[in-house]
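Single-letter residue listing:
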Amino acid sequence: MHFDQILSAIDGFGKYQKILYVWICLPQILLAFHMMVSIFTGATPPFRCRETSSSPGAGNQTLLLSDAFAGNLSLSEHSTCFSSEALPLLEGDNGTERVPCGHGWVYSKEIFQSTTVTEWDLVCSKAGLNSLGSSVYMSGLLVGSVLFGAMADRYGRRFVLLLSIALQTVFGVAVAFAPNFPVYVILRFAVGTTISGVIINAFILGTEWTCTKRRMLAGILTDYTFGLGYMLLAGVAYLIRDWRKLQLAISAPGFLLIFYIRVLPQSARWLLAKDRREEAIALLRKAALVNGRVLPPAVQAEKWEFLGGSKRSHSPIDLVRTPQMRKRSVILFYIWFVNVLVYYGLSLGVSRLGTDLYLTQFVFGLVEIPARSLVLVVLPFSRRLTLSGFLAVGGLACLLMLVVPADHPNVLTGLAMVGKFGITASFAVIYVYTAEIFPTVANRNRCV
């Protein structure tokens, strides 16, 4: 008797699995917080040079600045990155020269009380550091997927998932107390690695406890809570305009998940792969009891056949070992690259659309709900056509954005919404498609 047959016998998507998915879904909200929070914490408000370093005029300059942002004063590159102080050009001659701001900058506090940009002056010549910080964070996701994927195969999904949640919480809180920008970037990198640990192992743990027939539904359901976190972040950020307080507000709730130590089960499939049969049978018996079923008597006698197949070791090299697998791998790798690039490009670039940042952020999260719902309807008919269709919708919308003038923010936002809808649906499909195409034993991000 194979493991999938046992899952079907004890109800592969019964009460036990549904409770498990509740525990799996809760961290997804925090994942959305950490993934999108830089939209607010790293925002660049309007700014201009501080004309003098003397303290008496500081308050007046802020007031004058607010008038400028209201449209009463035109802010050019000269006033934002260069000082307008009069300087002697030649001996005996007076004039002005464009020189970098020598006394810092004054920032608008109309939308943000403080951000990483305003605290560490990441503007003008230092503006690239803000983008560099985001790139380092995303590289953390790459490192985390390799590191925690390998650890999960060796130490188990439950242990690595708990470790990832704990580290994510600790490093997330530490970010709020970063004394300088380099430390901030390092801590954000650490948070990024833990994000991958949670995503991968939560997905794997859930699907390894779910029967084949319901894996598509279960895999997509977890994404709904990510969209919920997406929308909640807009509200939290609207209420908390200081970046340190906002970072603390999205990270501290992770400590509430300490009870996961008691409720989160190990993967019975992984236990069997590690030849820990007695523990696996105990878990299966518990799942059967919760689901109102009885573990088949044949399990005890045939437990050595649970996984079926040979005991030959496998590695990611198997993904490119044969011509057919190489072809599949290259295609799927490229589709993953496109999905990630477009999804996060649209999501993290929401501040450049020229519309209300908080409302747009909320709607960007809201649009994920119908996108994933449509996937549940059309995916059973065809994987390839569904994926191709959603990619085409997202790509076409993004291309149309290139021809829309910048002074039409509502049109740009509308097209961005359509693009977000298409790429979100495509993201949901590629998760399921990859899990079905790649063999379980060779896929780090596997869901079977």
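Relevant structure appears above.
Given the structure is predicted, the values throughout are model-derived calculations rather than measurements.

A few words now on empty space enclosed by the protein. The final tally for this structure, using the stated rule, is one cavity of 30 Å³ or more. Size it by volume and the largest cavity reaches roughly 30 Å³. In terms of lining residues, the largest cavity is bounded by F40, T41, F112, S114, I240, R241, D242, W243 and L246. Classifying every residue of the lining of the largest cavity by side-chain character gives five nonpolar, two polar and two charged.

On the secondary structure map, N201 appears in helix α9 (residues 181-208). Here G197 takes part through its backbone oxygen, which lies 2.8 Å from a polar atom of the side chain of N201. Apart from residues no more than four positions distant in its own chain, N201 is found in contact with F148, A152, R157, V160 and L161.

Along its 29 residues, helix α7 (residues 127-155) runs 42 Å from first to last C-alpha, staying within 8% of the 42 Å computed at 1.5 Å per residue. All of the buried residues along α7 are N130, G133, Y137, G140, L141, G144, S145, F148, G149, M151, A152 and D153. Those residues of α7 that are buried are in contact with α2 (15-36), α6 (116-120), α8 (157-175), α9 and α13 (268-273). At the C-terminal side of α7, G156 shows a positive phi close to 105 degrees.

Further remarks concern a nonpolar patch on the surface. Together, V22, L26, I258, F259, I261 and V263 make up a nonpolar patch on the protein surface, roughly 500 Å² of accessible area in all. Mapped onto the nonpolar patch, the elements with two or more residues apiece are α2 and α12 (260-263). As for its placement among the helices and strands, V263 is situated in helix α12.

This brings us to the packing of α2 against α9. At a minimum axis distance of 10 Å, the contact between α2 and α9 shows a crossing angle of 155 degrees. Classified by the angle their axes make, α2 and α9 are roughly antiparallel. Note on packing geometry: the crossing formed by α2 with α9 is left-handed. Residues L20, Y21, I24, P27, Q28, L31, H34 and M35 of α2 pack against R188, V191, I195, V198, I199, A202, L205, G206 and T207 of α9.

Take the side chain of T41 next. Take T41: it is sitting in helix α3 (residues 38-41). Apart from residues no more than four positions distant in its own chain, T41 is found in contact with T115, T116, Y184, W243 and L246.

What follows covers unusual backbone geometry. The backbone phi angle of D121 is positive, close to 55 degrees, even though this residue is not glycine. Tracing the backbone through its elements, the reader meets D121 in the loop between α6 and α7. Among the residues examined, D121 registers a relative accessible area of 24% and is labelled partly exposed. Phi at D275 is positive, roughly 65 degrees, even though this residue is not glycine.

Taken N-terminus to C-terminus, the directions of helix α10 (residues 215-239) and helix α20 (residues 409-437) make an angle of 140 degrees; their axes are 9 Å apart at the nearest point. Crossing angle aside, the handedness with which α10 passes α20 is right-handed. Residues M216, I220, D223 and Y230 of α10 lie in contact with α20, whose contacting residues are K420, A428 and V432. Per-class residue counts for the contact of α10 with α20 are five nonpolar, no polar and two charged.

Cut-off values and rules
- Residues numbered from 1 in each chain as written.
- Predicted model: local features only at pLDDT ≥ 70, side-chain atom pairs only at ≥ 80, totals over all residues.
- Heavy atoms only, no water.
- 1 Å grid on protein atoms, 1.4 Å probe; cavity = no way out; pocket = protein on both sides within 12 Å on 5 of 7 lines; lining within 4 Å.
- Points joined across faces, edges and corners; volume = space filled by probe spheres on them.
- Nonpolar A, V, L, I, M, F, W, Y, C, P; charged D, E, K, R; others polar.
- Helix = DSSP H or I, 4+ residues; strand = E, 2+ residues; numbered from the N terminus.
- Polar contact = N/O pair within 3.5 Å; in protein donor to acceptor, adjacent residues only side chain to side chain.
- Contact = heavy atoms within 4.5 Å.
- Expected span 1.5 Å × (residues − 1).
- Buried < 20%, exposed > 50% of the residue type's maximum accessible area, 1.4 Å probe, protein only.
- Patch = residues over 30% accessible without salt bridge, like charges linked within 9 Å, V, L, I, M, F, W, Y side chains within 5 Å.
- Areas by Shrake-Rupley, 256 points an atom, 1.4 Å probe, with all protein chains shown as cover.
- Salt bridge = Lys/Arg side-chain N within 4 Å of Asp/Glu carboxyl O.
- Axes fitted to C-alpha atoms, helices over the stretch in contact; angles between N-to-C directions.
- Parallel < 35°, antiparallel > 145°, perpendicular 65-115°, else oblique.
- Left-handed = near helix turned anticlockwise from the far one by under 90°.

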